[in-house]
Amino acid sequence: VERFSGSAEGYYDLILMDLRMAELIVFEAASVIRWLEMFDAATIPIIAVSADAFADDVQKCMECGMNAHTAKPYDFEKITSLMQQLLG
C-alpha cells in the first residue's frame, strides 16, 4: 500500500501481493489500494500469491478486489500467462 500510494500514477503495471504480509492483513491492503484516490487504484491488476489455495482463500481474494490468485509452488509460466492476460 505504501509503495503504490507513494508512487506516481501509472508507475506500476500490476501488483503481486503475498497473502502472508506481516504489517497489514493482505485483504485489507487490497481494499485500501482499491479506495485510494489515484486514477489507476481501482483498475490495477492485483494477483495474490500464496500457499493458501483453498476455495475460500481464493474467494476472499476476489471479494476484496484482487483480480487473480496463484498458489505455491509457483509456476512461472502460469504467472507470466496470468500477467499477460491481466495486462491485455
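Everything discussed here concerns the structure shown above.
Every value quoted in this text rests on a predicted model; they were computed, and no experiment measured them.

### Describing the side chain of S7
Turning to step 1, where the next piece is worked out: For S7, the location among the structural elements is in the loop between α1 (2–5) and β1 (15–18).
Turning to step 2, where the next piece is worked out: The buried category is assigned to S7, whose relative accessible area is 15%.
Turning to step 3, where the next piece is worked out: A polar contact is formed between the side chain of S7 and the backbone oxygen of F4, at a distance of 2.7 Å.
Turning to step 4, where the next piece is worked out: The contact partners of S7, leaving out residues within four places of it in the chain, are Y12 and M38.

### So, the packing of aromatic side chains
Turning to step 1, where the next piece is worked out: In total, this model carries two aromatic pairs according to the counting rule given.
Turning to step 2, where the next piece is worked out: Judged by centre distance (4.9 Å) and plane angle (85°), the rings of Y11 and Y12 are edge-to-face.

### Let's talk about the nonpolar core
Turning to step 1, where the next piece is worked out: Grouped together as the largest cluster of nonpolar side chains are 16 residues, with contacts concentrated most on F4, I15, M17, I33, I46 and M66.
Turning to step 2, where the next piece is worked out: Looking at this core, the elements with two or more residues in it are β1, α2 (26–35) and β2 (46–50).
Turning to step 3, where the next piece is worked out: Per-element accounting of this core gives the leading share, four residues, to α2.
Turning to step 4, where the next piece is worked out: Ignoring any residue separated from it by four or fewer positions in sequence, one finds M17 in contact with V26, A29, A30, I33, I46, I47, A48, V49 and M66.

### Re the sheet that holds strand β3 (residues 68–71)
Turning to step 1, where the next piece is worked out: If you walk across this open sheet you meet the three strands as β1-β2-β3, and the pairing is parallel. Either end of the sheet is taken by a strand with one partner, and the two such strands are β1 and β3. Looking at each pair of strands side by side, their axes are set apart by 25° on average, direction ignored.
Turning to step 2, where the next piece is worked out: Here β1 pairs with β2 via four bridges, running parallel. Directly across from I15, in β2, lies its bridge partner I46.
Turning to step 3, where the next piece is worked out: Packing against the sheet, α2 makes contact with β1 and β2, and its axis sits at approximately 155° to β1.
Turning to step 4, where the next piece is worked out: Where helix α4 (residues 76–87) meets the sheet, its contacts fall on β2 and β3, and the angle it forms with β3 comes to roughly 175°.

### A closer look at the environment of M83
Turning to step 1, where the next piece is worked out: Within the secondary structure layout, M83 lies in helix α4.
Turning to step 2, where the next piece is worked out: The class for M83 is partly exposed, based on a relative accessible area of 26%.
Turning to step 3, where the next piece is worked out: Separated by twelve residues in the primary sequence, M83 and A71 place their C-alpha atoms 14 Å from one another.
Turning to step 4, where the next piece is worked out: Sequence-distant contacts of M83, that is, excluding residues within four places in its chain, are made with L14 and I47.

Reading the values: the criteria
- Residues numbered from 1 in each chain as written.
- Predicted model: local features only at pLDDT ≥ 70, side-chain atom pairs only at ≥ 80, totals over all residues.
- Heavy atoms only, no water.
- Helix = DSSP H or I, 4+ residues; strand = E, 2+ residues; numbered from the N terminus.
- Buried < 20%, exposed > 50% of the residue type's maximum accessible area, 1.4 Å probe, protein only.
- Polar contact = N/O pair within 3.5 Å; in protein donor to acceptor, adjacent residues only side chain to side chain.
- Contact = heavy atoms within 4.5 Å.
- Phe/Tyr/Trp six-rings, centres within 6.5 Å; stacked < 30°, edge-to-face > 60°.
- Core = buried A, V, L, I, M, F, W, Y, C linked by side-chain atoms within 4.5 Å.
- Pairing = 2+ DSSP bridges.
- Axes fitted to C-alpha atoms, helices over the stretch in contact; angles between N-to-C directions.

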